[in-house]
Amino acid sequence: MKTRYIRSDADTPNEEGIRQAGGIIRAGGLVAFPTETVYGLGGDALNKESSRKIYEAKGRPSDNPLIVHICRFSDMEKLVERIPQAAYDLAEAFWPGPLTMILPKSDAVPYETTGGLDTVAVRFPSHPAARAFIEAAGGYVAAPSANRSGRPSPTTAKYVAEDMDGRIDMIIDGGEVGIGLESTIVDLTGEMPMILRPGYITQEMLQNVLGEIAADKTMLKEAAGARPKAPGMKYRHYAPKGVLTIVEGNRDAVTQKINELAAQASAAGEKVGVIATRETVDAYHADCVKNIGPRADEAAIAHNLYAVLREFDDEELTVLFSEAFDTAGMGQAIMNRLLKAAGHRVIRV
Ligand code: TXA
Ligand code: MG
């Protein structure tokens, strides 16, 4: 398959290109598109054949449900059995934006889209090109992140192309995404709302709207015997090709420990990469040292994380080390992704 490329910037949307992209979805094809979080790999959410194609293009197990993207709140009515008050409140506060809600699905949503579940994940993104595309596509676009299964989610069209060129019909290039980590997922099907995946919309922001909210206990630690509630979170997603270890502790002890481990690995013939912060980038000795941003700037760290992991893959590094980050606010999402990438390998010094 030959993949077509079009460009659509946030402020000057490519109307003709987006119209064609919508036509591809209506005809059962696949289009990758930018959102404010990461690039998505879209297909018609109400067409089970399209969902099958998405799994195939991603190389993803088909028990891993897809998020249905909409472009107006009222379109949620078609997807779910009933809209609870909490969904109105969350939509009022955070939609359009980087929040996904899980609700009992209606009969309109095929099980191929929900990975066999009776619930459906719904998201109303804020990115202008995403919204125009969803509208042109008929209003219901199922989209996982546009990476091959096991690779970091793509934050630029170039990364989408690396994984998807030749496998899908079109890629809409909207430049670099803003946030860089996937949406926050909140499950509204239980007695108490529960965060299944942390993201830009933090636990505190959700609490301010809903009052009490629970969080899946597998989010920041490997709980023995506990399965993550979002099926996709059980896979070792975001896995770099190199073996990643997180080193946690006070700054000088961490740089010292990482340098020590990096020297040992180099001596053993490994190619070593380090995720450093602006404050520490000059203190490391390794084949590749990346400054992920200033330690206090969570938004920058979130924005750069997946790009850094992909660059490490491109440089074929075999052993990786990262500093740990604060888990307050958006730090919860950053450490959730980093811990997964590290397969929960953490050294405390
Ligand atoms: O920011 C995002 O959410 C991006 C952009 C493209 O919108 N999408 C994204 O999709 O991250 P994906 O497929 O990579 O991750 C979806 C996650 C998976 O962990 C999946 O298991 C979970 O959402 N999920 C989807 N439907 C679910 C459901 N009904 N119940 C529980 N978890 C669900
Ligand atoms: Mg994903």
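Below you will find a few notes about this structure. (Residues numbered from 1 in each chain as written. Chains lettered and ligands numbered in written order. Predicted model: local features only at pLDDT ≥ 70, side-chain atom pairs only at ≥ 80, totals over all residues. Heavy atoms only, no water.)

The tally for this structure, following the rule as stated, stands at four aromatic pairs. Ring centres of Trp-95 and Phe-124 lie 6.0 Å apart, and the angle between their planes is 65°; this geometry places the pair in the edge-to-face category. In this pair, Trp-95 is assigned in the loop between helix H4 (85-94) and strand S5 (99-104) and Phe-124 in the loop between strand S6 (119-123) and helix H5 (128-136), connecting sequence segments 29 residues apart. With relative accessibility at 9%, the residue Trp-95 sits in the buried group. Phe-124 sits in the buried class, given a relative accessible area of 7%. Chaining the aromatic ring pairs together yields one cluster made of Phe-73, Tyr-88, Trp-95 and Phe-124. One residue, Lys-105, lies across the ring of Tyr-111, its end atom 4.2 Å from the ring centre. (Phe/Tyr/Trp six-rings, centres within 6.5 Å; stacked < 30°, edge-to-face > 60°. Helix = DSSP H or I, 4+ residues; strand = E, 2+ residues; numbered from the N terminus. Buried < 20%, exposed > 50% of the residue type's maximum accessible area, 1.4 Å probe, protein only. Lys NZ or Arg CZ within 6 Å of the ring centre and 35° of its normal.)

Another point: the side chain of Asp-187. By the secondary structure assignment, Asp-187 is in strand S9 (residues 184-187). At 2.6 Å, the side chain of Asp-187 and the side chain of Thr-189 are in polar contact. (Polar contact = N/O pair within 3.5 Å; in protein donor to acceptor, adjacent residues only side chain to side chain.)

For the rest of this paragraph, the subject is unusual backbone geometry. Put simply, Trp-95 and Pro-96 share a cis peptide bond, and its omega is -10°. Looking at the secondary structure, you find Pro-96 in the loop between H4 and S5. Residue Glu-316 is not a glycine yet carries a positive backbone phi of 55°. Structurally, Glu-316 can be placed in the loop between helix H9 (298-314) and strand S15 (319-323). A positive phi angle is found at His-344, which is not glycine, with a value near 60°.

Turning our eyes to something else, we now look at the pairing of strand S14 (residues 288-291). Side chains on a regular strand alternate between the two faces of the sheet. Burial of S14 is one-sided: the residues Cys-288 and Lys-290 facing one way are buried, the residues Val-289 and Asn-291 facing the other way are not. As judged from the four bridges shared by strand S13 (residues 272-276) and S14, these two strands associate in the parallel manner. Counterpart to Ala-276 in the pairing with S14 is Asn-291. (Pairing = 2+ DSSP bridges.)

Here the focus is the layout of surface pockets. Looking at the largest pocket, its volume works out to about 600 Å³. As for the largest pocket, its lining consists of 40 residues, and the residues nearest its centre are Arg-60, Pro-65, Ile-67, Ile-185 and Arg-197. Taken together, the elements giving at least two residues each to the lining of the largest pocket come down to strand S4 (67-69), S6, S9 and strand S10 (194-197). Counting residues per element, the lining of the largest pocket draws most heavily on S6, at four residues. (1 Å grid on protein atoms, 1.4 Å probe; cavity = no way out; pocket = protein on both sides within 12 Å on 5 of 7 lines; lining within 4 Å. Points joined across faces, edges and corners; volume = space filled by probe spheres on them.)

This brings us to the sheet that holds strand S1 (residues 4-7). Pairing is mixed across the open sheet formed by eleven strands, whose spatial order is S1-S8-S2-S3-S7-S4-S6-S5-S9-S10-S11. Each having just a single partner strand, S1 and strand S11 (214-215) make up the two edges of the open sheet. As paired elements, S4 and S6 share three bridges and run parallel to each other. Each bridged residue has a counterpart across the sheet, and for His-69 the counterpart in S6 is Arg-123. Contacts between H5 and the sheet are confined to strand S2 (31-33), S4, strand S7 (141-142) and strand S8 (170-173), with S2 contributing the most and set at about 150° to the helix. (Contact = heavy atoms within 4.5 Å. Axes fitted to C-alpha atoms, helices over the stretch in contact; angles between N-to-C directions.)

Right, let's talk about the side chain of Ser-8 for a bit. Mapped onto the secondary structure, Ser-8 falls in the loop between S1 and helix H1 (15-26). A polar side-chain atom of Ser-8 sits 3.0 Å from the main-chain amide nitrogen of Asn-14. Those residues in contact with Ser-8, other than ones at most four positions away along the chain, are Pro-13, Asn-14, Ile-18, Ala-129, Ile-172, Asp-173 and Gly-174.

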